[in-house]
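# Remarks on the overall topology
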Amino acid sequence: ILNGIPEPEIMFIQTFGGSSYDMGNSVVQTSNGEYVIVGYTYSDGTDDWTSSDVWLIKSDANGYEVWNQTFGGNESNEQGFSIQQTTDGGYIVTGYTIPSSYQVPRQDVFLIKTDSQGNEEWNQTFGGSEDDRGYSGEQTTDGGYFITGYTWSYGNGEEDIWLIKTDSQGNEEWNQTYGGNEDDKGFSVQQTTDGGYIVTGYTYSFGNGNEDVYLIKTDGSGNELWNKTFGGTYEDGGFDVQQTTDGGYILTGKTLYAGGVDSDLYLIKTSSAVS
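For the structure given in this document, a descriptive report is provided here.

Below, the discussion takes up the overall build of the chain. Helix and strand content of the chain: zero helices and 19 strands. A compact globule built from 275 residues should have a C-alpha radius of gyration of about 19 Å, and the chain, at 19 Å, falls within 12% of that. Burial status across the chain gives 48% buried among its 275 residues. As presented, the chain carries roughly 13,300 Å² of accessible surface, and 45% of it is formed by carbon and sulfur atoms. Counting 10 positive and 42 negative side-chain charges, the chain places the centres of these two groups 6 Å from one another.

Structure representation (structure tokens):
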């Protein structure tokens, strides 16, 4: 018991992986009370550290594997960062791919739609001549999808936050970039109750210096309505944002205070309109 509050009991611990490096980046509980995990695996039996695949694992309610699926080419590099169950019982996965056909390796945003058993139904890539990554993606109320991450191919210079909206088959309907002349990245996006989007990440272009938490609110077409930065003169970043029941926003990330070596967890609550 800590501060008079009982500590949570561990219900199960499970591991998944092979002889090489394997990582889980996102997990959600499914509609039937089980779990689905996405990440990436190098354990494909080749011991080739230059080639990873997106790894999707379904477990039962006790963490025992029900099935797993990998996505990617034999000589390419793919990683998954975000997973959500879709209204049809399947899954949408967001990440990035470095196809082996590129003469000069570069990354593209990778969007994968699967059925309820993790079988691929379609995939789409988005990107230009430079590195572009997807970190967060969800289904929209109209049955399409939205993705955030960053782009080095488009925008105002260096890396910019990238927001992409697709139809139900992953075909792009529009995209928007946000940022300045320095590095800016988006790590989390959620559709808001007004049909717009809230995005968080970090910015080197604006704020108090170095890396600041970056919070952006858009309308339903991705046009920026307002933005806000949080942080000091050291490194701060936002990694997840959700709309709260009062219409405001809760975001979490990291903050590094003056003279500090290690960062602290950062939790910020805002109102619905941030001045």
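What the four strands build is an open sheet, ordered β9-β10-β11-β12; its pairing is antiparallel. Either end of the sheet is taken by a strand with one partner, and the two such strands are β9 (132–139) and β12 (172–178). For this sheet, the mean inter-axis angle between neighbouring strands, taken without regard to orientation, is 20°. By the bridge criterion, seven bridges tie strand β10 (residues 145–151) to strand β11 (residues 160–166) in an arrangement that is antiparallel. Looking at the pairing, T148 lines up with L163 of β11.

This brings us to the nonpolar core. Counting residues in hydrophobic clusters, the biggest one holds 11 residues: V36, V38, V54, L56, W67, F71, I83, Y91, V93, F110 and I112. Elements represented by at least two residues in this core include exactly β2 (35–41), β3 (53–59), β4 (65–71), β6 (91–98) and β7 (108–114).

Read from one edge of the open sheet, four strands run β5-β6-β7-β8, paired in antiparallel fashion. Two strands lie at the open edges of the sheet, namely β5 (77–85) and β8 (120–126), each paired on one side alone. The mean angle between the axes of side-by-side strands here comes to 20°, regardless of whether they run parallel or antiparallel. Direction of pairing for β7 relative to β8: antiparallel, over a ladder of six bridges. Following the sheet pairing, F110 is matched in β8 by T125.

Looking now at the environment of Q79. Along the chain, the position of Q79 falls in strand β5. Assessed through its relative accessible area of 8%, Q79 is described here as buried. Residues within four places of Q79 in sequence aside, it is in contact with G39, Y40, Y42, S52, V54, G95 and Y96.

Further remarks concern the side chain of S59. In this structure, S59 sits in strand β3. Judged by its relative accessible area of 3%, S59 is buried. Each residue touching S59, except ones within four places of it in the same chain, is listed here: E34, Y35, Y64, E65 and V66.

Here we take up the packing of aromatic side chains. On inspection of all chains with the given rule, the structure shows 17 aromatic pairs. Ring centres of F81 and Y96 lie 6.0 Å apart, and the angle between their planes is 25°; this geometry places the pair in the stacked category. Of this pair, F81 sits in strand β5 while Y96 sits in strand β6, placing them 15 residues apart in sequence. Taking the relative accessible area as the measure of exposure, F81 reaches 17% and is therefore buried. Overall, Y96 belongs to the buried group, its relative accessible area being 4%. With centroids separated by 6.0 Å and ring planes inclined at 65°, the aromatic side chains of W174 and Y197 adopt a geometry described as edge-to-face. Here the residue W174 occupies a position in strand β12, and Y197 occupies one in strand β14 (residues 197–203), the gap between them amounting to 23 residues. Like W174, the residue Y197 is buried in the burial classification. Through a chain of ring-to-ring contacts, the aromatic side chains of F81, Y96, Y135, Y150, F187, Y202, Y204 and F239 assemble into a single cluster.

The next point concerns the pairing of strand β16 (residues 224–230). Here strand β15 (residues 212–218) runs beside β16; their pairing, made up of six bridges, is antiparallel. Across the sheet, the residue bridging to L215 is K228, located in β16. In this structure, the hairpin formed by β15 and β16 is closed by a connection of five residues, where G222 is found at a positive phi of approximately 85°.

Okay, unusual backbone geometry next. One non-glycine residue, E158, lies in the positive phi region at around 55°. Looking at the secondary structure, you find E158 in the loop between β10 and β11. You can call E158 partly exposed: its relative accessible area is 37%. Backbone geometry places N210, a non-glycine residue, at a positive phi of 55°. Following the sequence through the fold, N210 ends up in the loop between β14 and β15. Assessed through its relative accessible area of 41%, N210 is described here as partly exposed.

Calculation notes
- Residues numbered from 1 in each chain as written.
- Predicted model: local features only at pLDDT ≥ 70, side-chain atom pairs only at ≥ 80, totals over all residues.
- Heavy atoms only, no water.
- Helix = DSSP H or I, 4+ residues; strand = E, 2+ residues; numbered from the N terminus.
- Rg over C-alpha atoms; globule rule 2.2 N^0.38 Å.
- Buried < 20%, exposed > 50% of the residue type's maximum accessible area, 1.4 Å probe, protein only.
- Areas by Shrake-Rupley, 256 points an atom, 1.4 Å probe, with all protein chains shown as cover.
- Lys, Arg positive; Asp, Glu negative; His and termini not counted.
- Charge placed at Lys NZ, Arg CZ, Asp CG, Glu CD.
- Pairing = 2+ DSSP bridges.
- Axes fitted to C-alpha atoms, helices over the stretch in contact; angles between N-to-C directions.
- Core = buried A, V, L, I, M, F, W, Y, C linked by side-chain atoms within 4.5 Å.
- Contact = heavy atoms within 4.5 Å.
- Phe/Tyr/Trp six-rings, centres within 6.5 Å; stacked < 30°, edge-to-face > 60°.

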